[in-house]
Amino acid sequence: MAHYFSEQPRTASRPGSVDLVLPDLHLRLETDRGVFSPERVDLGTRVLLESVPPPPQEGDLLDLGCGYGPIALTMASRAPDASVWAVDVNRRSVELTARNAQAARLDKVRSVHIDEVPDDVKFRAIWSNPAIRIGKPALHEMLTRWLTRLTPDGVAYLVVQKHLGSDSLQRWLGEQGWQADRAASRAAYRILKVTR
């Protein structure tokens, strides 16, 4: 069975839409089968977007595992002068995010495959609802790859369900030399704030 973290989902396309409603933002987003949470904006994503402080107002920002774009588009809306990189391994997700950004007139969103970000780009903020279900080795490899691209003053916010290992992930990050603190907790989700 194909998963949302497959590069080319085998699931037949069935376009749909969801509403992202936040205190400062209301967007209708195009979705499809074969991407993460196509029926509604995932609760973890909502907890993240309702809990984190505003992103830096300039520089490069990253939505790691963008899906159809709710995190990237929120970052771009809250920081209109920043460049927001929306990356995913799933090409259907990348295309959806690009279309949703265009529809929302958020022209500073760059939706690209995860391997297409130039090596010299460093991020002042990373927001992510990471793909925990890819397994610990792949998750750790992905986080190591992208957290090392934070600027010296950069901050990452990760939302992880408690029963899917938020506490063990926090411990692992600390063991790798990162400062990992619980920034918020709601509805069985933890927001981890990660800095150098």
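Structure shown above.
The structure reproduced in this document is the subject of the present report. Along every chain, residues carry numbers that run from 1 in the direction the sequence is written. Residue-level local features of this predicted model are given only where pLDDT is at least 70; pairs of side-chain atoms are given and counted only at 80 or more, and the full residue set underlies all totals for whole chains, interfaces and linings. Side-chain calculation: all heavy atoms of the structure are included, whereas hydrogens and water are not.

**Regarding the sheet that holds strand β7 (residues 150-161)**
Then comes step 1: Paired strands are those between which DSSP finds at least two bridges. Going along the chain from the N terminus, every DSSP run of H or I of four or more residues is numbered as a helix, and every run of E of two or more is numbered as a strand. Pairing is mixed across the open sheet formed by 7 strands, whose spatial order is β5-β4-β3-β6-β7-β9-β8. Taken across any chain shown, the strands that pair with only one partner, and hence form the sheet edges, are β5 (109-113) and β8 (179-186). Strand-to-strand twist in this sheet, taken as the mean axis angle between neighbours without regard to direction, amounts to 20°.
Then comes step 2: Examined bridge by bridge, β8 and strand β9 (residues 189-195) share 7 bridges and lie antiparallel to one another. When the bridges of β9 are listed, S185 appears paired with R190. Fitted lines through C-alpha atoms give the axes, limited to the stretch in contact for helices. The angle between two N-to-C directions lies from 0 to 180 degrees.

**Observations concerning the pattern of salt bridges**
Then comes step 1: Salt bridges are identified by distance alone: a Lys or Arg side-chain nitrogen within 4 Å of an Asp or Glu carboxyl oxygen. Per the stated rule, a full pass over the model turns up 10 salt bridges.
Then comes step 2: For R78, the salt bridge identified is with D24, shortest N-O distance 2.8 Å. Residue R78 is located in helix α2 (residues 70-78), and its partner D24 is located in the loop between β1 (16-22) and β2 (25-31); the two are separated by 54 residues in the primary sequence.
Then comes step 3: Accessibility expressed as a relative area gives 18% for R78, which makes it buried.
Then comes step 4: What makes D24 partly exposed here is its relative accessible area of 42%. Three exposure classes are used, based on accessible area relative to the maximum for each residue type with a 1.4 Å probe and protein chains only: buried under 20%, partly exposed in between, and exposed over 50%.

The values are spatial; any link to function lies outside them.
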